[in-house]
Amino acid sequence: MKKLSLLIVATLLGGAVWAQQQIFIATNGNDAAKGTKEAPVATLNQALKLYRASSEKGNTEIIFREGVYYFQESAQLTGEDSGTERTPLVIKAYGNEEVVLDGGNELKLDWKKYKKNIFKAEVKSDAIDFEQFFVNGKQKILARYPNYDASVSPYGGWAADAIAPERLKKMKGLEGAYYHVIHAARWGGFHYQITAVDKKGNPTLEGGWQNNRPENGLHKKFRMIENTLAELDAPNEWYFDGKYIYFYPESEADLNAEYATDGISEVIVLKGTEKAPVQFVEVKNLTFRHTARTFMETKEQLLRSDWAIYRGGALLIDGGENITVTGCRFYQLGGNGVFVSNYARNIEVSSCHISEVGASGICFVGNSDAVRSPDFHYKEYTKYEDLDLTVGPKTNQYPAKCMAYDNLIHNIGTVEKQAAAVQIAMAMDITVSHNSIYDCSRAGINVGDGTWGGHVIEFNDVFNTVLETSDHGSFNSWGRDRFWQPNRKQIDANVAKHPGLELLDAIHTTVIRNNRMRCDHGWDIDLDDGSTNYHVYNNLCLNNGIKLREGYHRVVENNICVNNSIHPHVWQKNSGDVVTRNVLGSYYYPIAMKNWGTEWNLNLFDIGEKPINFNEHDRDLKSVIANPLFVDPANGNYKVKANSPAIALGFQNFEMDNFGVVSPKLKAIARTPDLPEYRAGLQPGATPSRDITVHEWLGGKVKNLCGLGEVSATGMHDETGVLIVEVPKGSKMEKLGFKVNDVILDFWGQETHNVERLMDHYKNRLKNRKTPLAVWRDQQKTEVRVD
């Protein structure tokens, strides 16, 4: 075939000079044209046809000229479209021109008055269906209850009576409406569609599969309903019934504007296989926008993490090798941004700006078929005698040696509340480096499981996270791997029986280093259930410190926790954990700790006085209480001075000005976190929300459940109930069957919000027979009878 256009590239490759093919696309192009600069084609799919018809293997640039390109269907590349290492296939914008790949549709609307402040217009294409509407580039609000208020979290407004029958029975046209609700413990959210409403106002709901912890139920308050004409009653709201769009404009200018909608869920798909992967493709300097919301397709459980996932995004890479996505813009997306799926090697997403994303920013997610003895729900586990005890993955169907570098990612999880700026699950050796991440509904960076470790999380700036949820972190991980089950005693027994059991999946150490993190609604770094084989060092934690629950083989060293500390929760026997040479702004916050790992020592505590239990369990025998002598904490420099006592303990300074994005374009617009008011010799912080006095009862000790740490450790939904903190052997409490970390919820049907009510019920309501108490244990209700 005759060359379409040639760019002579004088590059010495084994002595040869290569002629690079160029295929041009323009908004005024014609798919019958030759694809030259003077005669461009109109679509990416046609450009790919010309590329395939040529004799080139890579060695081609597909170049978009400036403009907006509306995609009615995804453009798909396969392994046959691969380039080579020396001559990749490049898909890019021309020069510095702005190119937008739009997953939606452009609308031409002729508005007519409907009633009061509402207008309507006919959408004349039968093929169009949409759930996002944009006016002059700004997203408008799908008609909802309660009305949107940006200052309210979650959902920009919530109402406990969102689907109350007494409200719904008065309304019409609710079929097709969506019901969004936060998890009872604020561990993400759920989404349902209303398919019918009976005469009494009871809705029939379809959905709820988006959260992998359904056993805890739905939040009683944080609820919202949308997508019904019955709720169109405020400026900027709209509704589409399949033929007409109804709109409450903010001003007259909104009635004479440019209109767009969402449409397809994937704009470009690179789809190969392990045997025939898509290879050596570069996607450069393109903008992706207006993809469809996908929350009703978020169904795939990600092992025993709290997540379900939709395996797709504006740019989907599935079965790829040596692919780079560079300098791209992703925004106003209904689902995920970039999704790297199944078999994938050496995929890099770099220098991209990702924002206003309904689900997650960048996902690296493998296939559960690669996991040995997989389980898919918190309460499920394979018995030890039935486990596949082979180390590592079963297949290669997972991302490995991939990277997210120098990306600005913010306003994530605008629709789905189990979302992250960067999500990693069933993957190996993923590097997340020099990203600026903020304004996230849940985690900034989430690692869903221990399979198979080797990740490097470094030089990131992560803050303003967990904004609409709770009990999480700017960095969060779980490790509910083969060794793990809800019964911690059985974990201890199985690991004692089979040393190394805990490392069958977490085969490589995951490193978290040189990050600046701040979380005001959880922990700065949260290594949750079972997280195993981590090295956490040289991190600056600005607000809520580092939490470590369960798990094995964690080394936490040389970190700075400003005004905060380490939060150890319910550790395993012989965990091998080490906490050393950290600068800590308060003393530890232990929850239900019987086992204290291998070493706690050489830490500096910037506190006012020595705690009574400072050296219990041989902890911190060489640690000190002193002022660390920070250089300039008011301006974010928490390096310690040369004469700091921390230096004598072996603490080493690390960089304080190398967090987040590095490219000048992104650095110029990236925000940085608010710095805390540093309190030297930490004085008591905020007054606890409840009385925390410990009381004796039935020979043991109880107190009011108080604080995020205790809520998280017990798996409770909020600060209510009475926590059992000590059950001595031989006590009446032990004989009745109470356990440490139980939370007493009610006494014979009467709620026990606090110790005072428990004592009152016990004194005045106990009958001459055994009385049932509802107890929260191992994240579910059980019953203990007291006589």
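All values reported here derive from a predicted model rather than from experimental measurement.

Enquirer: Honestly, the overall build of the chain in this entry has me stumped. Any pointers?
Expert: Summing up its helical and strand segments, the chain has eight helices and 63 strands in all. Taken over the C-alpha trace, the chain has a radius of gyration of 28 Å; the compact-globule value for 787 residues is 28 Å, and the two agree within 12%. Based on the C-alpha atoms only, the size of the chain along its principal axes is roughly 90 × 75 × 55 Å. Taken over 787 residues, the chain has a buried fraction of 60%. At a minimum sequence separation of 6, the contacts of the chain that also span at least 24 residues come to 66%. A total accessible area of about 31,400 Å² is found for the chain, and carbon and sulfur atoms account for 47% of it.

Enquirer: Would you mind showing me how to read the layout of surface pockets here?
Expert: Space left empty within the atom packing is revealed by a probe, the size of a water molecule, rolled over the atoms. One number sums up the size of the second largest pocket: a volume of about 950 Å³. At the level of elements, strand E13 (141-142), strand E18 (218-226), strand E28 (329-333), strand E33 (408-412) and strand E36 (436-440) are the ones that each hand at least two residues to the lining of the second largest pocket. Split by residue class, the lining of the second largest pocket holds twelve nonpolar, eleven polar and ten charged.

Enquirer: How do you make sense of the pairing of strand E58 (residues 700-704) when you look at a structure like this?
Expert: A regular strand places its side chains on the two faces of the sheet in alternate fashion. With four of its five residues buried, E58 lies for the most part within the structure. Taken together, the three bridges between strand E57 (residues 695-697) and E58 define a ladder with antiparallel strand orientation. Residue pairing across strands places tryptophan 697 opposite glycine 700, the latter belonging to E58. Hairpin connection between E57 and E58: a loop of two residues separates the two successive antiparallel strands, and leucine 698 in this loop has a positive phi of roughly 55°.

Enquirer: Please clarify how the pairing of strand E60 (residues 743-747) should be interpreted in this entry.
Expert: Where burial is concerned, most of E60 is hidden: five out of the five residues are buried. Where strand E59 (residues 722-726) and E60 come together, two bridges link them in antiparallel fashion. If you follow valine 722 over to E60, its bridge partner there is isoleucine 744. Across four bridges, the pairing between E60 and strand E62 (residues 771-777) is antiparallel.

Enquirer: I'm lost on the sheet that holds strand E20 (residues 244-247) in this one. Help?
Expert: For sheets, the rule is that strands pair by backbone hydrogen bonds, running either parallel or antiparallel. Pairing is mixed in the open sheet, where five strands are placed in the order E9-E10-E20-E19-E13. Edge positions in the sheet fall to strand E9 (112-115) and E13, since each has one partner strand and no second. Relative to strand E19 (residues 237-240), E13 is paired through two bridges, and the arrangement is parallel. Pairing of leucine 142 across the sheet is with tryptophan 238, part of E19.

Enquirer: Mind showing me how you'd approach the pattern of salt bridges here?
Expert: For side chains of opposite charge, pairing can occur when their charged atoms come near one another. If you walk through the whole model with that rule in mind, you get 35 salt bridges. Note that lysine 112 is salt-bridged to aspartate 110, the shortest N-O span being 3.5 Å. Look at aspartate 110 and you get exposed, because its relative accessible area is 52%. Note that glutamate 468 is salt-bridged to lysine 417, the shortest N-O span being 2.9 Å. With glutamate 468 in the loop between strand E39 (461-463) and strand E40 (473-477) and lysine 417 in the loop between E33 and strand E34 (420-425), this pair connects stretches of sequence that are 51 residues apart. Exposure remark for glutamate 468: the relative accessible area of 14% places this residue in the buried category. The network of salt bridges with common partners includes Arg213, Glu215, Asp306, Arg480, Arg488, Asp529, Arg549 and Glu550.

Enquirer: Could you clarify how one ought to interpret unusual backbone geometry in this entry?
Expert: Note: most peptide bonds trans; most residues except glycine with negative phi. Omega for the bond connecting tyrosine 145 with proline 146 falls within 30 degrees of zero, at -5°, which places this linkage in the cis form. Its place among the elements puts proline 146 in the loop between strand E14 (144-145) and helix H2 (165-168). In this structure, proline 154 follows serine 153 across a cis peptide bond, with omega equal to 0°. Mapped onto the secondary structure, proline 154 falls in the loop between E14 and H2.

Enquirer: Sorry if this is basic, but what is going on with empty space enclosed by the protein here?
Expert: With the rule as written, the count across this model stands at six cavities of 30 Å³ or more. There is about 100 Å³ of room inside the largest cavity. Around the largest cavity sit 14 residues that line it, and Trp187, Asp471, Arg480, Asp528 and Asp529 are the ones nearest its centre. Partitioning the lining of the largest cavity into residue classes produces two nonpolar, four polar and eight charged. In this structure, the second largest cavity spans a volume of roughly 80 Å³. Along the walls of the second largest cavity sit Leu303, Arg304, Val371, Arg372, Ser373, Pro374, Asp375, Thr451, Arg480, Asp481, Arg482 and Asp505, which together make up its complete lining. Looking at side-chain class alone, the lining of the second largest cavity contains three nonpolar, two polar and seven charged residues.

Enquirer: So what exactly am I meant to see when it comes to the sheet that holds strand E8 (residues 105-107) here?
Expert: What the four strands build is an open sheet, ordered E8-E21-E11-E12; its pairing is antiparallel. Looking at which strands have only one partner, the edges of the open sheet turn out to be E8 and strand E12 (138-139).

Enquirer: How should I be thinking about helix H6 (residues 707-714) in this particular structure?
Expert: Structurally, the α-helix is built with 3.6 residues per turn, so residues lying three or four positions apart point the same way. Burial analysis of H6 places six of its eight residues in the buried class, the great majority of the element. Regarding H6, the residues found buried are Gly709, Glu710, Val711, Ser712, Ala713 and Thr714. Following H6 by one or two positions, glycine 715 adopts a phi angle in the positive range, close to 75°.

Enquirer: Looking at this structure, I do not really get the packing of aromatic side chains. What am I missing?
Expert: Both the distance between ring centres and the angle between the ring planes are used here to describe each pair of aromatic rings. Counted according to the given criterion, the structure contains 32 aromatic pairs. Ring centres 5.0 Å apart and planes at 80° place the aromatic pair tyrosine 178 and phenylalanine 295 in the edge-to-face group. Note that tyrosine 178 is positioned in strand E15 (residues 178-183) and phenylalanine 295 in the loop between strand E24 (287-289) and strand E25 (300-301), a separation of 117 residues in sequence. A relative accessible area of 6% places tyrosine 178 in the buried class.

Enquirer: Help me understand a positive patch on the surface, please; the structure alone is not making it clear to me.
Expert: Together, Lys489, Lys573, Lys594, Lys729 and Lys739 make up a region of like positive charge exposed at the surface. Along the chain, lysine 594 turns up in the loop between strand E51 (583-584) and strand E52 (599-601).

Enquirer: Can you help me understand the environment of alanine 626 in this one?
Expert: If you trace the backbone, alanine 626 turns up in the loop between strand E54 (624-625) and strand E55 (630-632). Considered as a pair, alanine 626 and arginine 482 are 144 residues apart in the sequence and their alpha carbons are 43 Å apart. The residues contacting alanine 626, other than those within four sequence positions of it, are Leu604, Phe605, Asp606 and Pro645.

Enquirer: Got a minute to help me understand the side chain of glutamate 468 in this structure?
Expert: From its side chain, glutamate 468 meets the backbone nitrogen of tyrosine 155 in a polar contact 2.7 Å long. The contacts of glutamate 468, once residues within four sequence positions are left out, are Ser153, Pro154, Tyr155, Ile182, Arg186, Gly413, Lys417 and Ser441.

Enquirer: Can you help me understand the confidence of the model for the chain in this one?
Expert: Caution is warranted with low-pLDDT regions, since their predicted coordinates should not be read in detail. With 95% of its residues at a pLDDT of 70 or more, the chain shows a mean pLDDT of 93. Contacts from residues 1-17, a stretch scored under 50 in pLDDT, to residues over four places away or in other chains number 35 contacts.

Cut-offs used in this document
- Residues numbered from 1 in each chain as written.
- Predicted model: local features only at pLDDT ≥ 70, side-chain atom pairs only at ≥ 80, totals over all residues.
- Heavy atoms only, no water.
- Helix = DSSP H or I, 4+ residues; strand = E, 2+ residues; numbered from the N terminus.
- Rg over C-alpha atoms; globule rule 2.2 N^0.38 Å.
- Buried < 20%, exposed > 50% of the residue type's maximum accessible area, 1.4 Å probe, protein only.
- Contact = heavy atoms within 4.5 Å.
- Areas by Shrake-Rupley, 256 points an atom, 1.4 Å probe, with all protein chains shown as cover.
- 1 Å grid on protein atoms, 1.4 Å probe; cavity = no way out; pocket = protein on both sides within 12 Å on 5 of 7 lines; lining within 4 Å.
- Points joined across faces, edges and corners; volume = space filled by probe spheres on them.
- Nonpolar A, V, L, I, M, F, W, Y, C, P; charged D, E, K, R; others polar.
- Pairing = 2+ DSSP bridges.
- Salt bridge = Lys/Arg side-chain N within 4 Å of Asp/Glu carboxyl O.
- Phe/Tyr/Trp six-rings, centres within 6.5 Å; stacked < 30°, edge-to-face > 60°.
- Patch = residues over 30% accessible without salt bridge, like charges linked within 9 Å, V, L, I, M, F, W, Y side chains within 5 Å.
- Lys, Arg positive; Asp, Glu negative; His and termini not counted.
- Charge placed at Lys NZ, Arg CZ, Asp CG, Glu CD.
- Polar contact = N/O pair within 3.5 Å; in protein donor to acceptor, adjacent residues only side chain to side chain.
- pLDDT = per-residue confidence, 0-100.

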